[in-house]
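In case you want the letters, here they are:
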Amino acid sequence: IFRHLEVWLTRDSFLKAVKKLITNEIISNIKKLQYAKITEKQAIYIINNVILTRAAYQMQSTYLTKHACLKVTNLYTNIVKQKARLSRSTPNSTLHHPSIYALNTLYDIQQQQQIRTLDRSIHSSDFDNSSFKIRLQQLQNAANSNQSIFLEQPIFPANESKTNTAQLIITL
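As the structure is a prediction and not an experimental result, all values here were calculated from the model.

Trainee: Please clarify how helix H3 (residues 66–84) should be interpreted in this entry.
Mentor: Residues separated by three or four positions in an α-helix point in the same direction, a consequence of the helix having 3.6 residues per turn. A rise of 1.5 Å per residue sets the reference length of H3, with its 19 residues, at 27 Å; its end C-alpha atoms lie 26 Å apart and thus fit the reference within 8%. Those residues of H3 lying buried are Cys69, Val72, Thr73, Tyr76, Thr77, Ile79, Val80, Lys81, Lys83 and Ala84. Phi turns positive, to about 55°, at Arg85, one or two residues after H3.

Structure below.
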């Protein structure tokens, strides 16, 4: 495992160590907000524009499961509720609603990042000569379907479904 340009990379195809490092770094940064003497609006600004932006950048080479994202999201949502002096029973949707508090979720940020990455890769000027095109063809072949993996939700074999490129396709 190594770090290059603030992104964790590894040769492990399951990326467990990278996922753990990214999650721990996000949690560590969020916990610093818990005892900081700031308002809920300041906490939301820091979470949305610093912590989640940094997380999105680090997740370019990997992805977190929906469960892992929800766990982290719940952690910072509870901190914002505490800062806003809201009851713990206040629905999370109140904080995540764009017209109320506009607190982003980690899973939404991850999906946006993956879609941007996929869009950039597909629309690059040298797509025809890229390794990404070869990887997409490998995934199409692994899906064993005559339908495009972009048009229909593909079913990938277990070894392929955990790859970053497969997760990009599944996100769509």
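Trainee: When you look at the side chain of Glu40 in this model, what are you seeing that I'm missing?
Mentor: Looking at the secondary structure, you find Glu40 in helix H2 (residues 40–58). Buried within the structure, Glu40 lacks any salt-bridge partner; Lys41 is the closest side chain of opposite charge, at an N-O distance of 5.5 Å. Discounting residues that sit within four places of it in the chain, Glu40 has contacts with Val80, Lys83, Ala84 and Tyr101.

Trainee: Quick question: what am I supposed to make of the pattern of salt bridges here?
Mentor: Opposite charge on two side chains allows them to pair when their charged atoms are near. If you walk through the whole model with that rule in mind, you get three salt bridges. Between Arg135 and Glu160 there is a salt bridge, with the nearest N and O atoms lying 2.5 Å from each other. With Arg135 in helix H6 (residues 131–142) and Glu160 in helix H7 (residues 158–161), the pair connects residues that are 25 residues apart, well separated along the chain. Summarising the burial analysis for this pair, Arg135 and Glu160 share the class buried.

Trainee: Please clarify how helix H1 (residues 16–34) should be interpreted in this entry.
Mentor: With 19 residues, H1 should cover 27 Å at 1.5 Å per step; its first-to-last C-alpha distance of 27 Å lies within 8% of that length. Considered for burial, the residues of H1 that qualify are Val18, Lys19, Ile22, Thr23, Glu25, Ile26, Ile27, Ile30 and Leu33.

Trainee: Just to check I follow, could you spell out the nonpolar core for this structure?
Mentor: Looking at soluble globular proteins, one finds that nonpolar side chains tend to be buried together. The biggest cluster of nonpolar side chains holds 26 residues, and the ones touching the most others in it are Ile26, Ile47, Tyr76 and Leu106. Secondary structure elements with two or more residues in this core: H1, H2, H3 and helix H5 (106–122). Counting residues per element, this core draws most heavily on H2, which supplies seven residues. Aside from chain neighbours lying at most four places away, what touches Ile26 is Ile51, Ala55, Val72 and Leu106.

Trainee: Mind showing me how you'd approach the environment of Ile122 here?
Mentor: On the secondary structure map, Ile122 appears in helix H5. Separated by 56 residues in sequence, Ile122 and Lys66 have C-alpha atoms that sit 25 Å apart. Leaving out residues up to four positions away in the same chain, Ile122 has contacts with Phe127, Phe132 and Phe150.

Procedures and definitions
- Residues numbered from 1 in each chain as written.
- Predicted model: local features only at pLDDT ≥ 70, side-chain atom pairs only at ≥ 80, totals over all residues.
- Heavy atoms only, no water.
- Helix = DSSP H or I, 4+ residues; strand = E, 2+ residues; numbered from the N terminus.
- Expected span 1.5 Å × (residues − 1).
- Buried < 20%, exposed > 50% of the residue type's maximum accessible area, 1.4 Å probe, protein only.
- Lys, Arg positive; Asp, Glu negative; His and termini not counted.
- Salt bridge = Lys/Arg side-chain N within 4 Å of Asp/Glu carboxyl O.
- Contact = heavy atoms within 4.5 Å.
- Core = buried A, V, L, I, M, F, W, Y, C linked by side-chain atoms within 4.5 Å.

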